[in-house]
Amino acid sequence: MQQAMKTEDWQLTQPPQDHLKAEWSGGRFETARRGRTGEVEGKIEPHFHLIMVTLNGGAAYHAFRTDDGYRYEGRDAKGMVSFLPAGCRRELILRDVAWEWGAIAIDPAISSPRLANIKSFLVGRDDFIYGMTAQMGGVFHRDGSLDATYGSTMALALSEYLSNRIAGQRQPDASARYTLTRRQLNDTYERIDAMLAAPIAIADLSIPLGISEGHFFRAFRGATGETPLQAISNRRMDHAARLLSETDLQIIEVAAHCGIESPSHFARLFRTRKGHSPSEWRKRSDAGFLRDR
């Protein structure tokens, strides 16, 4: 038997290709591709809750069993989604497989408490989970990294979605039960502004307030109507607009001052927020046509 590959939670006889991994406080995202492979055996034993999605391709035969009693035997196809709770082992075998997959790992300490009650499952398709995972994979391949705030926000949103979907308890007004005081909100905005040039994780904002990441996410959304990621992105673009209007910094330097490494990603965000490219904003500002909004 071939030497097994071990990457923390995964032990497989045939390693995948193009394996990318991004980690943040409370979670992780992984994506990989596998060329045509005759057979793969192994086990998965995650420390975090693990959501796995087949993004493309599949397997002619996929069989697995989990410690909590779930069994599956059949094909694997694009769009299939499975969930493996933290600490639960899955033993698997794949035959005639060629696919691309994505996986989101969520720390039980920050996830919705109801997620701890969900056992292993597999569904043929879930458009929300598939779309979220595909988007994260696309951003990762495009930019070569994932922003920590983006990753943690997506993971928390997935945690809430799963706990509501599986428990069958939709609560559209749940955020109204969570909020931040005016002082907490002002302190959070000051903290964001002081950290704009660096990656900002949800933990960077929740820990100083003495609350969990999950509670902070819901409370911030309940107080402002937007997620922490949206607020951070908006404040970064407002700061960028001021720098473009008031300084001679090159656009790549402005992006760096706003914590964004990729100039193309910065340009897309800026246009979405301000309606103009960074260079257009600077020209129109110099001509007196713009005022920062």
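Residue positions within a chain follow its written sequence, with the count starting from 1. Two thresholds apply to this predicted model, a pLDDT of at least 70 for residue-level local features and 80 or more for giving and counting side-chain atom pairs, whereas whole-chain, interface and lining totals are computed over all residues. No hydrogens and no water enter the side-chain calculation; it runs on all heavy atoms of the structure.

A.B. asks: Help me understand the UniProt feature "domain: HTH araC/xylS-type" (unreviewed entry) in the protein in this model?
C.D. replies: UniProt positions are given in the numbering used here, feature names are shortened, and annotations may be inferred rather than shown by experiment. UniProt's feature table lists "domain: HTH araC/xylS-type" (unreviewed entry) at residues 186-284, given in the numbering used throughout. The helix count covers DSSP runs of H or I at least four residues long, the strand count covers runs of E at least two residues long, and both are numbered beginning at the N terminus. Secondary structure across residues 186-284 comprises 72% helix and 0% strand; the distance between its end C-alpha atoms is 32 Å.

A.B. asks: It is not clear to me how helix α5 (residues 213-224) should be interpreted in this structure. Could you clarify?
C.D. replies: Along an α-helix, a turn takes 3.6 residues, which lines up residues three or four apart on a common side. The terminal C-alpha atoms of α5 lie 16 Å apart, and with 12 residues this matches the ideal 16 Å at 1.5 Å per residue to within 8%. Burial here depends on accessible area, computed with a 1.4 Å probe over protein chains only, as a share of the maximum for the residue type. Under 20% is buried, over 50% is exposed, and the range in between is partly exposed. Along α5, the positions that sit buried rather than exposed are E213, G214, F216, F217, R218, A219 and F220. Backbone geometry just downstream of α5 places G225 in the positive-phi region, at approximately 80°. A helix is expected to span 1.5 Å multiplied by its residue count minus one.

A.B. asks: Teacher, can you tell me more about the packing of helix α6 (residues 228-246) against helix α8 (residues 263-274) here?
C.D. replies: Working note: a packed helix pair is described by the angle between its axes plus the distance between those axes. To get an axis, fit a line to the C-alpha atoms, keeping to the stretch in contact for a helix; angles then go from 0 to 180 degrees between the N-to-C directions. Put simply, α6 and α8 touch, their axes get as near as 10 Å, and they point 95° apart. Accordingly, the angle class assigned to the pair α6 and α8 is roughly perpendicular. Facing S233, N234, M237, D238, A240, A241 and L244 of α6, the residues of α8 in contact are F266, L269, F270, R273 and K274. Residue composition of the contact of α6 with α8, grouped by class: seven nonpolar, two polar and three charged. An angle below 35 degrees is treated as roughly parallel, one above 145 as roughly antiparallel, one from 65 to 115 as roughly perpendicular, and anything else as oblique. Contact criterion: two residues are considered in contact whenever any of their non-hydrogen atoms come within 4.5 Å of each other. Basically, the charged four are Asp, Glu, Lys and Arg, the nonpolar ten are Ala, Val, Leu, Ile, Met, Phe, Trp, Tyr, Cys and Pro, and anything else, Gly included, counts as polar.

A.B. asks: Is there a simple way to think about the packing of α6 against helix α9 (residues 278-286) in this case?
C.D. replies: Orientation of α6 relative to α9, taken along the N-to-C sense of each, is 50°, at an axis distance of 8 Å. Judged on the interaxial angle alone, α9 and α6 are oblique. As α6 packs across α9, the resulting crossing turns out to be right-handed. Residues A241, L243, L244 and S245 of α6 form the contact with α9, whose own contacting residues are P278, W281, R282 and S285. Partitioned by chemical class, the residues of the contact of α6 with α9 number five nonpolar, two polar and one charged. Two helices cross in a left-handed way if the nearer one is turned anticlockwise from the farther one by less than a right angle. They cross in a right-handed way if the turn is clockwise.

A.B. asks: Explanation requested: the domain arrangement of the protein in the structure shown.
C.D. replies: In many analyses, interface size is given as the accessible surface area lost on bringing the parts together. Segmenting the protein into domains produces domain 1 (10-168) and domain 2 (182-290). As used throughout, domain bounds are those supplied by an automatic or database domain assignment. Just the C-alpha atoms count here: the centres of domain 1 and domain 2 sit 30 Å apart. Summed over both partners, the accessible area lost on bringing two parts together, with a 1.4 Å probe, is the buried area. In total, about 1300 Å² of surface goes out of reach between domain 1 and domain 2, with carbon and sulfur atoms giving 59% of it. When the area that domain 1 buries against domain 2 is broken down by residue, the three leading residues are T149, T153 and L156, summing to 34%. Every case where a carboxyl oxygen of Asp or Glu lies within 4 Å of a side-chain nitrogen of Lys or Arg is listed as a salt bridge. Seen at the junction of domain 1 and domain 2, the total is three salt bridges. With a closest N to O distance of 3.7 Å, R236 and D147 form a salt bridge. Where the side of domain 1 that touches domain 2 is concerned, the elements lending two or more residues are α1 (127-143) and α2 (148-167).

A.B. asks: Would you mind going over the packing of aromatic side chains with me for this structure?
C.D. replies: Given two aromatic rings, one states the distance between the centres and the angle between the planes to describe the pair. In this analysis, rings of Phe, Tyr and Trp, with Trp reduced to its six-membered ring, are considered paired at centre separations within 6.5 Å, and the interplanar angle assigns stacked below 30 degrees, edge-to-face beyond 60, and tilted for intermediate values. Taken as a whole and judged by the stated rule, the model has nine aromatic pairs. Their ring planes at 35° and their centres at 5.8 Å tell us that F64 and Y72 sit as a pair that is tilted. As far as the burial class goes, F64 and Y72 line up, both buried. Grouped by ring-pair contacts, the aromatic residues F64, Y70 and Y72 constitute a single cluster. The rule is short: NZ of Lys or CZ of Arg within 6 Å of the ring centre and within 35 degrees of the ring normal puts a charge over the ring. Its guanidinium or amino end placed over the ring of F64, R90 lies 3.9 Å from that ring's centre, counting from NZ or CZ. Over the face of the ring belonging to Y130 we find R125, whose NZ or CZ atom lies 4.3 Å from the ring centre.

A.B. asks: Help me out: how do you make sense of unusual backbone geometry in this one?
C.D. replies: A negative phi holds for most residues other than glycine; trans holds for most peptide bonds. Its identity as a non-glycine residue notwithstanding, D96 has a phi of 50°, on the positive side. Locating D96 in the fold gives a position in strand β8 (residues 90-106).

A.B. asks: In this structure, what is going on with the pairing of strand β7 (residues 81-84)? I would like to understand it.
C.D. replies: Regular strands have side chains that alternate between both faces of the sheet. On β7, burial covers both faces: V81 and F83 on one face and S82 and L84 on the other are all buried. Criterion used throughout: strands pair if DSSP finds at least two bridges between them. Direction of pairing for strand β5 (residues 49-66) relative to β7: antiparallel, over a ladder of four bridges. Residue pairing across strands places I51 opposite F83, the latter belonging to β7. In this structure, β7 lies alongside strand β9 (residues 121-123), joined through three bridges in antiparallel fashion. When the sheet's bridge partners are listed, V81 is paired in β9 with V123.

A.B. asks: How should the nonpolar core be read in this particular structure?
C.D. replies: For soluble globular proteins, the rule of thumb is that nonpolar side chains tend to be buried together. One finds I51, I104, I129, M136, L146, L158 and L162 to be the most contacted residues of the largest nonpolar core, which totals 47 residues. At eight residues, the largest contribution of residues to this core is made by α2. Excluding residues within four positions of it along the chain, I104 makes contact with R28, F29, H49, L50, I51, M132, T133, M136, A155 and L158. The definition of a nonpolar core used throughout is a set of buried Ala, Val, Leu, Ile, Met, Phe, Trp, Tyr and Cys residues joined through side-chain atoms within 4.5 Å. Of all hydrophobic cores here, the second largest spans 21 residues; its members include W10, L12, A32 and A105.

A.B. asks: Looking at this structure, how should I read the pairing of β8?
C.D. replies: In terms of burial, β8 is largely enclosed, as 13 of its 17 residues are buried. Inspection of the sheet shows β5 paired to β8 by 16 bridges, in the antiparallel sense. Counted as the bridge partner of A63 is I93 from β8.

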